[in-house]
Amino acid sequence: MSKPPNLRSHFGLTHVPFTREIATKDRWTHPQYDEAFDAIKNAVERRQSASLIAAAGLGKTMVLRTLKDRLPEARFRTHYIKVTDLSKRDFCRELCQACGAQTAATYGSLVRRLQERMESLVAQDSLRPVLIVDEAHDMRPDVLAILRVLTNFEMDSRLVVSIILCGQPPLRGLLKRADMEAVSRRIVYFASLRTLTRQEVCDYVAHRLYVGGCDRKVFVDDAFDAVFEATQGNLRAIDRLCLRAMEVACNKQAAHVSCDHVIEARQTVWP
Ligand SMILES: Nc1ncnc2c1ncn2[C@@H]1O[C@H](COP(=O)(O)OP(=O)(O)OP(=O)(O)O)[C@@H](O)[C@H]1O
Ligand SMILES: [Mg+2]
């Protein structure tokens, strides 16, 4: 078996680039992420709720991770949960764990425990609970409806918990359903993200290489045409393709990644 290519020594990098573990401080900044971030943060500051809806791989979770890192711990208690296809009771159990509330056996008592916990966070600790629900497009409608119960304290006279709902486009349809009106009415801001333009793809790739420790031009110009064509400006697709293309170039002992390297990489990433 051939040895895996050593990208770091070949391209003079300190880290392997294009991995999903990128720290939020190293993220690529761009007005569209800043706008979404600022709007969601403003909603949270006002004890309101918001949503972030965009196709897979466009950077939603990165915006949420940044929010979690940047909300001051002295004022906010932020809980991040990823939704899978959970029942109402299991979802409440997850919420209890995330919020540090005691769990209970039945749905009714779980909801009561959650409400008490949210109230006590505000009353005793002056901490505002923020609940980030990622991959919310996978939520069952009856489970999504629980969020109305959680935001409905003291007959709506006081907003206690901010909820950030994040997911892929089917979430929009879910929130538009008549039986979800009580939940969507509580969401004051709907943010979205788009794919990158060709120029933005170049800037993004240069940034990921830079935080990987390399500030020279690794991809030649027409390699970007191939990356843009194959990925249509989707961040996750760019990550996968660029990493594979660098491995192809490295295996061939090439100093730069060419258009042909990207085309060859594309065949293994999306055969
Ligand atoms: N601002 C950014 N700076 C650098 N890399 C980023 C940024 N945003 C996203 N990425 C990269 O793109 C990848 C996909 O982003 P992310 O996981 O946030 O997408 P997503 O919209 O949450 O996708 P999904 O709907 O599948 O969960 C990340 O693993 C990360 O490598
Ligand atoms: Mg995500």
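In this convention, every chain numbers its residues from 1, walking through the sequence in written order. Here every chain gets a letter starting at A, and every ligand a number starting at 1, in the order they are written. Only residues with pLDDT of at least 70 get local features here, since the model is predicted, and only at 80 or more are side-chain atom pairs given and counted; chain-wide, interface and lining totals rely on the full set of residues. Values reported for side chains reflect all heavy atoms of the structure, with hydrogen atoms and water molecules removed beforehand.

## Structural notes on the site of ligand 1
Each residue is tested against the molecule or strand, and it is near if at least one of its non-hydrogen atoms lies within 4 Å. Ligand 1 sits among 20 residues. The nearest are Trp-28, Gly-57, Lys-60, Thr-61 and Asp-239. One of the side-chain N or O atoms of Lys-60 is found 2.7 Å from an oxygen atom in ligand 1. Throughout this description, a polar contact denotes any pair of N or O atoms lying within 3.5 Å of each other; where both atoms belong to protein, one of them has to be capable of donating a hydrogen while the other can accept it, and for residues adjacent in sequence the pair is counted only when both atoms sit in side chains. Within the side chain of Tyr-204, one N or O atom sits 3.4 Å away from a nitrogen atom of ligand 1. Where accessible areas are quoted, they stem from the Shrake-Rupley method and a 1.4 Å probe; at the residue level, only the protein chains shown are allowed to cover. When ligand 1 is considered free in solution it has 630 Å² of accessible area, and contact with the protein chains removes 93% of it.

## Notes on the packing of helix H10 (residues 198-211) against helix H12 (residues 235-251)
Between H10 and H12, the least distance of the axes is 11 Å, while the angle of their chain directions is 60 degrees. Comparing the axis directions of H10 and H12 gives the class oblique. Our pair here, H10 against H12, has a crossing hand that is right-handed. Between H10 and H12, the residues in contact are Val-201, Tyr-204, Val-205, Arg-208 and Leu-209 and Leu-235, Ile-238, Asp-239, Cys-242 and Met-246, respectively. In the contact of H10 with H12, the residues fall into eight nonpolar, no polar and two charged. Convention adopted: a line fitted to C-alpha atoms gives each axis, helices being fitted over their contacting stretch, and angles between N-to-C directions are expressed from 0 to 180 degrees. The helix count covers DSSP runs of H or I at least four residues long, the strand count covers runs of E at least two residues long, and both are numbered beginning at the N terminus. Convention used here: angles under 35 degrees read as roughly parallel, angles over 145 as roughly antiparallel, angles from 65 to 115 as roughly perpendicular, and any remaining angle as oblique. Handedness of a crossing is defined here by the sense of rotation of the near helix relative to the far one, left-handed for an anticlockwise turn of less than a right angle and right-handed for a clockwise turn. We call two residues in contact when some of their heavy atoms are within 4.5 Å. Residue type decides the class: Asp, Glu, Lys and Arg count as charged, Ala, Val, Leu, Ile, Met, Phe, Trp, Tyr, Cys and Pro as nonpolar, and the leftover types, Gly among them, as polar.

## Regarding the pairing of strand S1 (residues 49-53)
Successive residues of a regular strand alternate their side chains across the two faces of the sheet. Classification of residues uses two cut-offs on accessible area relative to the type maximum, computed with a 1.4 Å probe and protein chains only: under 20% is buried, over 50% is exposed, and between them is partly exposed. Along S1, five of the five residues are buried, which leaves the element largely enclosed by surrounding structure. Bridge analysis of S1 against strand S5 (residues 187-192) gives five bridges, and the strand direction is parallel. What sits directly across from Ser-49, in S5, is Ile-187. Strand pairing requires that DSSP identify at least two bridges connecting the strands. Where S1 meets strand S4 (residues 162-167), four bridges bridge the pair, whose relative direction is parallel. If you follow Leu-52 over to S4, its bridge partner there is Cys-166.

## A closer look at the packing of aromatic side chains
Stacked, edge-to-face and tilted labels apply to pairs of Phe, Tyr and Trp rings (six-membered ring for Trp) whose centres lie within 6.5 Å, assigned for plane angles under 30 degrees, over 60, and everything in between, in that order. Inspection of every chain in the model, using the stated rule, returns three aromatic pairs. Judged by centre distance (6.0 Å) and plane angle (65 degrees), the ring pair of Trp-28 and Tyr-33 falls under edge-to-face. Per residue, the accessibility class of Trp-28 equals that of Tyr-33, and both read buried. Measuring from centroid to centroid gives 5.6 Å for Trp-28 and Tyr-204, while their planes differ by 70 degrees, and the two rings are edge-to-face. Here Trp-28, found in the loop between helix H1 (7-11) and helix H2 (31-45), pairs with Tyr-204, found in helix H10; they are 176 residues apart in sequence, far enough to count as distant. Within the aromatic cluster, the residues linked to one another by ring pairs are Trp-28, Tyr-33 and Tyr-204. Across from the ring centre of Tyr-107, 4.5 Å away, lies the NZ or CZ of Lys-88, which sits over that ring. The criterion is that NZ of a Lys, or CZ of an Arg, lies within 6 Å of the ring centre and within 35 degrees of the ring normal, and then a charge sits over that ring.

## As for the sheet that holds S4
What the five strands build is an open sheet, ordered S2-S3-S4-S1-S5; its pairing is parallel. In this open sheet, the two edge strands, each paired with only one partner strand, are strand S2 (76-82) and S5. Across the sheet, the axes of successive neighbouring strands diverge by a mean angle of 15 degrees, strand direction being ignored. Strands in contact with H2 are S1, S2, strand S3 (128-134), S4 and S5; relative to S1, the strand with the most contacts, it is inclined by about 160 degrees.

## Focus: unusual backbone geometry
For Arg-47, which is not glycine, the phi torsion reads 60 degrees and is therefore positive. Its location among the elements puts Arg-47 in the loop between H2 and S1. A relative accessible area of 27% means that Arg-47 is categorised as partly exposed.

## Quick notes on the pattern of salt bridges
The term salt bridge refers to a side-chain nitrogen of Lys or Arg lying within 4 Å of a carboxyl oxygen of Asp or Glu. Under the criterion given, the structure shown has 14 salt bridges. For Glu-181, the salt bridge is made with Arg-185, and the minimal N-O distance between the two is 3.7 Å. For Lys-217, the salt bridge is made with Asp-221, and the minimal N-O distance between the two is 3.0 Å. Several salt bridges converge on common partners, so that one network encompasses Lys-41, Glu-45 and Arg-75.

## Structural notes on the nonpolar core
Residues grouped as a nonpolar core are buried Ala, Val, Leu, Ile, Met, Phe, Trp, Tyr and Cys residues, joined through side-chain atoms within 4.5 Å. Core analysis: the largest hydrophobic core is formed by 54 residues, its most contacted members being Phe-11, Leu-52, Ile-164, Val-205, Phe-219, Met-246 and Val-257. With nine residues, H12 is the single largest residue contributor to this core. For the domain bounds, the source is a domain assignment made automatically or taken from a database. Counting residues domain by domain, this core receives three or more from each of domain 1 (46-192) and domain 2 (196-269). Counting residues in each nonpolar core, the second largest holds 35 residues, with Phe-91, Met-118, Val-122 and Leu-175 among its members.

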